[in-house]
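In case you want the letters, here they are:
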Amino acid sequence: MAKPVVAIVGRPNVGKSTLFNKLIGSRLSIVDDTPGVTRDRIYGDCEWLKYKFLLVDTGGIEPYSDDVILSQMRNQAQIAIETADVIVLVCDLKCGVVASDQEVAAMLLKSNKPIVLCVNKCDKIGAPDPDFYEFYNLGLGDPIAVSSIHGHGTGDLLDEVVKYFPEPSEDDEEDEEIVNVAVIGKPNVGKSSLVNKICGEERVIVSDIAGTTRDTTDTFIENSYGKFNFIDTAGLRRKSRVNDDIEKYSIIRARMAVERANVCVIMIDATVGFTEQDSKVAGIAMEQGKACIIAVNKWDAVEKDGNTMKEFTEKLSNDFSFISYAPFLFISAKTGQRIDKLFELIVYVHSQNSMRISTGRLNEVLAVATARVQPPTDKGRRLKIYYMTQASTRPPTFVFFVNRADLFHFSYQRYLENQIREIFGLDGTPIRFIIRERGEGKK
């Protein structure tokens, strides 16, 4: 049985994101006093009593606004409402009931979904402020007084929400493994367009304005290739371009998205080519040991001849030499070109990142490699590698037991890495080496 979905909605700046963060117990959604900060739907797992559910934070609903971004935010909120099992309408005690609250309430009543009315910013403990009772006029039943900052009343709110859930079944089996895919890159390379194309709906806001996506957003996809969670991230900018707190939060969020991911799709713009910022984005994924694919987007907009792709690949291979294990894929998020191939690659590099190799097979390869190229020496002392074993996966991490760690030079490590890749593949994933001197760690 799928988890119930609870959408938090309301007009801008009533504290929806603060409440969202309080309920899920982390700062997943950006919180700022600027109206309209939360633009896309943000998802987070939540648990209360015996119930587990998905909580959705939405951008503020402005019923009368003609602003392009605000209009799209309203559409995003509408999508969240349509997919929700329960809706929490958040209002602001300090502002009282305003015309926008009444319009939003009327819109929600048309949805025929269960609605829980939350009056936020009731920060005083004890009897509610007299203005609290004004919210009965919205016709949504008994309002619940909450302070999202201090957490007062959140238990009462959740008690009311879970009343609308079906009883959880003990027979439910856990879903098969979902591959988390972070779509990362500098601003305006088409990350949101790719996610939208993949899922076939306007799941995240798309705009030609660089930096439209500020939060990370999760999109769950199931198809013939498996189950995936696509994490669309804010474009990563040079630090000098980060002018306000919201952008700083977005960069932190993007880094967190990479941490959550199994696979990173690093998007670059074919019409612009490689930039320094692309290397920094790729570096984040590499440092965190993630399986990687370099997706060259907007390939449909490039003028081509018979050698264009070959020449482009050769140049990119040189530019991305530090992450040489990552395969290239030329795509178009606009037309859907090679999207099926992207899924194939995601599954493949994830399997490579998760590969486990037996100690016996590893040492067979080690014996052949060291016989072919002798380990280095220094002042009459030769490096001896007694044996190696795999310590972990994601990324594949190998431990070498040696006589002297200082003799295990980087160049010889690179040679052994190449030998391991030649035999076992390990495409699309970094490899980690841990060097242990014999007897190290023993007293």
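Provided above is the structure to which this section pertains.
Just so it is clear, the model here is predicted, and its values are computed rather than measured.

Chemist: Is there a simple way to explain the overall build of the protein chain in this structure?
Modeler: The helix and strand tally for the protein chain stands at eleven helices and 17 strands. Out of the 443 residues belonging to the protein chain, those deemed buried represent 52%. In the protein chain, once contacts between residues fewer than 6 apart in sequence are set aside, the share between residues at least 24 apart is 71%.

Chemist: Explain unusual backbone geometry here, please?
Modeler: Apart from glycine, the bulk of residues carry a negative phi angle, and the bulk of peptide bonds sit in the trans form. Omega for the peptide link from Arg394 to Pro395 comes to 0°, which places this bond in the cis form. You can see Pro395 is positioned in the loop between strand S15 (385-392) and strand S16 (397-402). Within the chain, Asn13 stands out as a residue other than glycine whose phi angle is a positive 70°. Of note, Asn13 is situated in the loop between strand S1 (5-9) and helix H1 (16-24). Its identity is not glycine, yet Lys298 carries a phi of approximately 65°, on the positive side. In this fold, Lys298 is placed in the loop between strand S11 (291-297) and helix H8 (308-319). Relative accessible area serves as the criterion here: at 26%, Lys298 is assigned to the partly exposed category.

Chemist: Explain the packing of H1 against helix H4 (residues 154-162) to me, please; I cannot follow it from the model alone.
Modeler: Each pair of packed helices can be summarised by the angle the axes make with each other and by the distance between the axes. In the contact formed by H1 and H4, the axes pass within 11 Å of each other and the chain directions differ by 85°. Relative to H4, H1 is oriented roughly perpendicular. Here Leu19, Lys22 and Leu23 of H1 come into contact with H4, specifically with Thr154, Leu157 and Leu158. Per-class residue counts for the contact of H1 with H4 are four nonpolar, one polar and one charged.

Definitions and cut-offs
- Residues numbered from 1 in each chain as written.
- Predicted model: local features only at pLDDT ≥ 70, side-chain atom pairs only at ≥ 80, totals over all residues.
- Heavy atoms only, no water.
- Helix = DSSP H or I, 4+ residues; strand = E, 2+ residues; numbered from the N terminus.
- Buried < 20%, exposed > 50% of the residue type's maximum accessible area, 1.4 Å probe, protein only.
- Contact = heavy atoms within 4.5 Å.
- Axes fitted to C-alpha atoms, helices over the stretch in contact; angles between N-to-C directions.
- Parallel < 35°, antiparallel > 145°, perpendicular 65-115°, else oblique.
- Nonpolar A, V, L, I, M, F, W, Y, C, P; charged D, E, K, R; others polar.

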